[in-house]
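Chain and residue survey
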Protein chains: 2
Amino acid sequence: VVEAAASRLVLKTDCVIENVHYRSEDPARKIGWKAAARVVSDFAAMGARPKHALVTFALAKSRSGQWASSVYRGIADCARRFGFSLAGGETSSTPVGSWLSISMTGPAPEVPLLRSGGNEGDRLLVTGRLGGSFASKRHLRFLPRREEGCWLAKRKGVTAMMDLSDGLAADLPRLASASGCGFRLRPESLPLHPWCDAVAAMADGEDYELLLAVSASRVNPVRNAWKRRFNLALTPVGELTAPGIAEGLEGAGYDHRADS
Amino acid sequence: VVEAAASRLVLKTDCVIENVHYRSEDPARKIGWKAAARVVSDFAAMGARPKHALVTFALAKSRSGQWASSVYRGIADCARRFGFSLAGGETSSTPVGSWLSISMTGPAPEVPLLRSGGNEGDRLLVTGRLGGSFASKRHLRFLPRREEGCWLAKRKGVTAMMDLSDGLAADLPRLASASGCGFRLRPESLPLHPWCDAVAAMADGEDYELLLAVSASRVNPVRNAWKRRFNLALTPVGELTAPGIAEGLEGAGYDHRADS
C-alpha cells in the first residue's frame, strides 16, 4: 500500500530477458540497473518521474542466490539515484533463462507529452549521442534522461517525445506515424558516439536518448535554454513532414511497407 | 495515464511461467485468465479490488501471433469479469519459454487486512475446498475470491488473511509467522475436493482460496453472516497459538527448520 502522489498516475512496465536484453555473463548488478533504468527512461519520455516500483524476478535454476541479490542491488542503485521506492515484488523460479519485469507508478504531469503530438514542419531533435550501446556495454549503465525529459516536457513548442530504445530506424517511424506525419531525417547530422557510423547507430537501439519534435519557431529558444541548463548535446536531426514521406533511414533496416 | 481512484493505492504483481505455472499445451485463453486472476486473488486477500492492469508478455519464438491473441483474450475475460481495465503493456520476444507478468493497482481499503494481524487464540478458517487444483486443471479457471475477500476484510474480528497459492503447508506457516504466532491445524477438518486427501491438499497449492484468522469470540457471528451472504463453505480448520508450536502439517512437506 502506497500513497498516491497525485490524482492522475502514469503506469509503465518493461522487462529484461537473458540473451535478449543482456548476456548471461553480464554483471548481475548492472542487469538490475538496466531493468529499472529502462522504465525510468519510459517515464522520462513523457516528462514524468516514477515513485514506486514493483519487481517480478524469475530466477533460472542455475543461478545462485548471490547472483539474485546482486541484481536486486542494481535495482536499488537505480532507485536511490532516481528517487523511487521498491514497493514490493515476486520472485519465481524458472527452468531456464532468467528475466525481470519491473512496473512503476508515478504522478502524471499536468499535460503529459506523448509521441502523438507532433505536427508537419516540426523539427526533430535528439539528446546526447547515438550508436554502439550494446557493443560498448553502455546499455547496462546508461543514465535515463529523467531531468532532461521533465524539463523538455514543460517547454513551449515541444510537441512530441519518446525514448530511443529500439533505434531511430524503428522509433522515428513510430513517432511520426503516431503524430500522423511522415519524416525527413538527415543522417549526416546525427550526433554519434566515437567509432560509430550513422547507419549502424540508426539500426542499433539501446541508446535511451530522447527523440523529440519541436515547432520550428521554438527550436532556437528551446536549444538556448537547454544549453544554459544541461551539459549535453541537443541536436536537430530532421523534421516531420506530410504523411507518406520517409527519408533518411535508407540502409538502416527500415522497411516502408512495415508501416502501411 | 490513469485516474488514481483513491489517495492510497495497492500495488501487486505476479507472473505465470511456461512449465512452472502452466504446461505448454494448456489452452492459451486460460493461461491469460490465470495470469490475471492470480493478481486479483492477491488483491482479494487484503480486501481490495484492482482497477488497472499492466501486462508484460514475453513470447517464445515458437509461438504464433494467434496463440498470443488468445492469451490476451483470457486476460480480457478476467478484466471484464472483475472490472479492471488494461492500462498498457509490453510484448517482448524470448528465445524459449513464454511468460506473463501482470501488475495491478487499485484503491487501498481504509484498513487493509494483512497476514500479520493475527493473535494467539484466533481461529483459522478457509473458504471453499482445497486440493487437486493442478491435476483437475482448476488452477487455469479458478475464480478469485474477490467479493468474499472484500466482505471478510470489513468484518469485525477478522484479524489476518492471505490467499492460498502455494498450499497450506507453505502458506499457513507464513501467516502464523507474520503474526508472531505458532499454529495448530486439524487436518481432519480440512474441506477437501472429492478424491483429494488432506496431506496432498496441504502440499498442493494453486487453490486460491482464502485463509483467515478470526478472534475466537467473533467466529460464530462471522460464519452466520457469511452463510446469509455467500453460497460457499467457510470452514474452521485450526487456530493460532503461542509461537514455537507447529502442529498438523506433518507429512505435507512442512519443515519446522525452514522457519527458524
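Values in this document were obtained by computation on a predicted structure and should not be read as measured data. (Residues numbered from 1 in each chain as written. Chains lettered and ligands numbered in written order. Predicted model: local features only at pLDDT ≥ 70, side-chain atom pairs only at ≥ 80, totals over all residues. Heavy atoms only, no water.)

A few words now on the overall build of chain A. What chain A contains, in helices and strands, is six helices and 11 strands. Computed over its C-alpha atoms, the radius of gyration of chain A comes to 19 Å, within 12% of the 18 Å expected for a compact globule of 260 residues. Dimensions of chain A along its principal axes, counting C-alpha atoms only, are 55 × 40 × 35 Å. Among the 260 residues that make up chain A, the fraction classed as buried is 57%. (Helix = DSSP H or I, 4+ residues; strand = E, 2+ residues; numbered from the N terminus. Rg over C-alpha atoms; globule rule 2.2 N^0.38 Å. Buried < 20%, exposed > 50% of the residue type's maximum accessible area, 1.4 Å probe, protein only.)

Here the focus is the sheet that holds strand β3 (residues 52–60) of chain B. Ordered in space as β1(A)-β2(B)-β5(B)-β3(B)-β4(B), the five strands form an open sheet in which the pairing is mixed. Every interior strand has two partners, whereas the edge strands, β1 (2–3) of chain A together with β4 (85–94) of chain B, have only one. With nine bridges joining them, strand β2 (residues 8–17) of chain B and strand β5 (residues 99–107) of chain B adopt antiparallel strand pairing. By the bridge assignment, B:I17 is partnered in β5(B) with B:W99. Of the strands in this sheet, β2 and β5 of chain B touch helix α1 (residues 28–44) of chain B, which is tilted by about 145° from β2(B). Contacts between helix α2 (residues 65–82) of chain B and the sheet are confined to β3, β4 and β5 of chain B, with β3(B) contributing the most and set at about 160° to the helix. (Pairing = 2+ DSSP bridges. Contact = heavy atoms within 4.5 Å. Axes fitted to C-alpha atoms, helices over the stretch in contact; angles between N-to-C directions.)

Turning next to the interface of chain A and chain B. Taken together, the contact between chain A and chain B spans 39 residues of the former and 39 residues of the latter. Buried area between chain A and chain B, summed over both chains or domains, comes out near 2,800 Å², and the portion from carbon and sulfur atoms is 68%. Our enumeration of links across chain A and chain B arrives at eight residue pairs in polar contact (both at pLDDT 80 or more). Contributions of two or more residues to the side of chain A that touches chain B are made by β1, β2 (8–17), β3 (52–60), β4 (85–94) and β5 (99–107) of chain A. Tallied by class, residues from the side of chain A that touches chain B come to 20 nonpolar, 13 polar and six charged. (Buried area = accessible area lost by both parts, 1.4 Å probe. Polar contact = N/O pair within 3.5 Å; in protein donor to acceptor, adjacent residues only side chain to side chain. Nonpolar A, V, L, I, M, F, W, Y, C, P; charged D, E, K, R; others polar.)

For the structure on display, the rule yields 15 aromatic pairs over all chains. Relative to B:F82, the ring of B:W33 has its centre 6.3 Å away and its plane inclined at 55°; by these criteria the two rings are tilted. Here B:W33, found in helix α1, pairs with B:F82, found in helix α2; they are 49 residues apart in sequence, far enough to count as distant. Here the two residues B:W33 and B:F82 agree in accessibility, since each one is buried. Their ring planes at 65° and their centres at 5.9 Å tell us that B:W151 and B:W226 sit as a pair that is edge-to-face. Linking B:W151 in helix α3 (residues 146–153) with B:W226 in helix α6 (residues 219–229), this pair joins segments that are 75 residues apart in sequence. By relative accessible area, which is 12% here, B:W151 ends up buried. The exposure class of B:W226 is buried, given its relative accessible area of 1%. Connected via pairs of aromatic rings, a cluster forms that spans A:F57, A:W67 and A:Y72. Over the aromatic face of B:F82 sits the side chain of B:R81, whose NZ or CZ is 4.9 Å from the ring centroid. Taking NZ or CZ as reference, B:R155 lies 4.3 Å from the ring centre of B:W151, over its face. (Phe/Tyr/Trp six-rings, centres within 6.5 Å; stacked < 30°, edge-to-face > 60°. Lys NZ or Arg CZ within 6 Å of the ring centre and 35° of its normal.)

By the definition in use, this model includes two cavities of 30 Å³ or more. Each pocket or cavity is described by its volume, and for the largest cavity that value is around 80 Å³. If you trace the largest cavity, you find 13 residues lining it, with A:L54, A:S103, A:T105, B:S103 and B:T105 closest to the centre. Elements that contribute at least two residues to the lining of the largest cavity include exactly β3 and β5 of chain A together with β3 and β5 of chain B. Here the lining of the largest cavity is composed, by residue class, of seven nonpolar, six polar and no charged. (1 Å grid on protein atoms, 1.4 Å probe; cavity = no way out; pocket = protein on both sides within 12 Å on 5 of 7 lines; lining within 4 Å. Points joined across faces, edges and corners; volume = space filled by probe spheres on them.)

Further remarks concern the relation of the copies chain A and chain B. Here chain A sits on chain B after a turn of 180° about the axis and a move of 0.0 Å along it, with an RMSD of 0.0 Å. The two molecules are tied by a two-fold rotation axis, judged by turn and shift. A share of 100% of the interface residues of chain A reappears at the interface of chain B, consistent with the copies meeting face to face through the same patch. (Least-squares fit on C-alpha atoms with pLDDT ≥ 70 in both.)

Another aspect to go through is the sheet that holds strand β11 (residues 246–247) of chain B. All names here are of chain B. Taken together, six strands build an open sheet; the order of strands is β7-β9-β6-β10-β8-β11 and the sheet is mixed. Edge positions in the sheet fall to β7 (158–163) and β11, since each of these pairs with one other strand and no more. As paired elements, strand β6 (residues 123–127) and strand β9 (residues 210–214) share four bridges and run antiparallel to each other. Residue pairing in the sheet places R123 in a bridge with V214 of β9.

Honestly, it's all geometry; don't read function into it.
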